[in-house]
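Here's the letter readout for the chains.
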Amino acid sequence: MSDLICVLYISRATFKPLPATKGIEPNVGRILQASRTNNARRGVGGVLFYGDGCFFQCLEGERDIVKPLLETIRQDERHTDIRVVSEQSAKQRYFEDWTMKYTSINDAVKTMLKTHGFERFDPYQFDANHFRALLKTLKDINDEGPADLPDEPPNPSDSDTPKRKAPTIPKTDASNDPLARGLAFAALVVALVALVLALF
Ligand SMILES: Cc1cc2nc3c(=O)[nH]c(=O)nc-3n(C[C@H](O)[C@H](O)[C@H](O)COP(=O)(O)O)c2cc1C
């Protein structure tokens, strides 16, 4: 029988942030890449947030998979001061479609922080209400991870492990692209002028 849990923890990054490549701090990018690859195989999901040198992560999955994973994450030297803020049984996943959704500080988070009287992201000052508000904000906003992080196929030998897929990145739809629409319209006008000239 399924024994789903949801663990929330905070921690402090130990690395000095480098300039972002592909929109993400490179150390965080590597963490996210490993997380998505491993979590897809293990049926784990959730969200990772990184801002102002701190992490907030929600890990969701089967208890006997999430608990050892949390211990592995605890040993990771890329962060310290790990504090589990909540560990609860869950009926269903909050981040249903994600092996690991990712966001950093953006307008929605800034607004949430301001609303609760914070100038910056300092989760060590948060109470349960603040974590609830942060979770809701992270649930509602778009993922910011780079498009080319791996979406590894599940290992067929893990047949009793629930499989989770990294989300697919929506492809650009030409009908929504103003440039493509403009070019199509110009081509139509040229074709009509050519037709009129040919007729007269
Ligand atoms: C803030 C933070 C969050 C992490 N989250 C995950 C995660 O969700 N899943 C995961 O497999 N590893 C995660 N890791 C990485 C693990 O600590 C560890 O490096 C990784 O699982 C080892 O994977 P490997 O055996 O494939 O090298 C995280 C690390 C940090 C610092």
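Look up a bit, the structure's there.
So, here's what we can say about the structure. All values derive from a computational prediction rather than experimental measurement.

1. Notes on the site of the ligand
Neighbouring the ligand are 17 residues; Ser-35, Asn-38, Phe-55, Asp-76 and Arg-78 lie closest to it. Contributing elements (two or more residues each) for the shell around the ligand: helix 1 (26-42), strand 3 (54-62) and helix 2 (63-74). The class makeup of the residues in the shell around the ligand is eight nonpolar, seven polar and two charged.

2. Comments concerning the nonpolar core
Counting 25 residues, the largest nonpolar core has Val-7, Leu-32, Val-47, Leu-48, Phe-49, Phe-55 and Met-100 as its most contacted members. Of all the secondary-structure elements, those providing two or more residues to this core are strand 1 (4-13), helix 1, strand 2 (45-51), strand 3 and helix 4 (128-140). Examining the composition of this core, we find that six residues originate from one element, strand 1, more than from any other.

3. Quick notes on unusual backbone geometry
Unlike most non-glycine residues, Asp-52 shows phi in positive territory, near 50°. With respect to the element layout, Asp-52 can be found in the loop between strand 2 and strand 3. Exposure remark for Asp-52: the 16 C-beta atoms within 10 Å place this residue in the partly exposed category. With phi around 50°, Asp-81 is a residue other than glycine that occupies positive phi space. Residue placement: Asp-81 occurs in strand 4 (residues 79-89). Taking the number of C-beta atoms within 10 Å as the measure of exposure, Asp-81 has 12 and is therefore exposed.

4. Considering the sheet that holds strand 3
Taken in spatial order, the five strands make up an open sheet running 4-1-3-2-5, and their pairing is mixed. Strand pairing shows two members of the sheet lacking a second neighbour, strand 4 and strand 5 (101-104), which therefore form its edges. Neighbour to neighbour, the strand axes of the sheet diverge by 15° on average, direction disregarded. Two elements, strand 2 and strand 3, share seven bridges in a ladder whose sense is antiparallel. Residue pairing for strand 3: Phe-49 is matched across the bridge by Phe-56.

5. A look at helix 1
Along its 17 residues, helix 1 runs 24 Å from first to last C-alpha, staying within 8% of the 24 Å computed at 1.5 Å per residue. Among the residues of helix 1, Val-28, Ile-31, Leu-32, Ser-35, Arg-36, Asn-39, Ala-40 and Arg-42 are the ones counted as buried. Along the axis of helix 1, the buried positions cluster into a sector of 155°, meaning they face one direction only. Next to the buried residues of helix 1 lie strand 2, strand 3, helix 2 and strand 5. Taken from the residues just after helix 1, Gly-43 is the one with a positive phi, measuring 70°.

Calculation rules
- Residues numbered from 1 in each chain as written.
- Predicted model: local features only at pLDDT ≥ 70, side-chain atom pairs only at ≥ 80, totals over all residues.
- Near = placed C-beta within 6 Å.
- Helix = DSSP H or I, 4+ residues; strand = E, 2+ residues; numbered from the N terminus.
- Nonpolar A, V, L, I, M, F, W, Y, C, P; charged D, E, K, R; others polar.
- Core = buried A, V, L, I, M, F, W, Y, C linked by C-beta atoms within 7 Å.
- Buried ≥ 20, exposed ≤ 12 C-beta atoms within 10 Å, placed from the backbone.
- Pairing = 2+ DSSP bridges.
- Axes fitted to C-alpha atoms, helices over the stretch in contact; angles between N-to-C directions.
- Expected span 1.5 Å × (residues − 1).
- Arc of directions from axis to C-beta.
- Contact = placed C-beta atoms within 7 Å.

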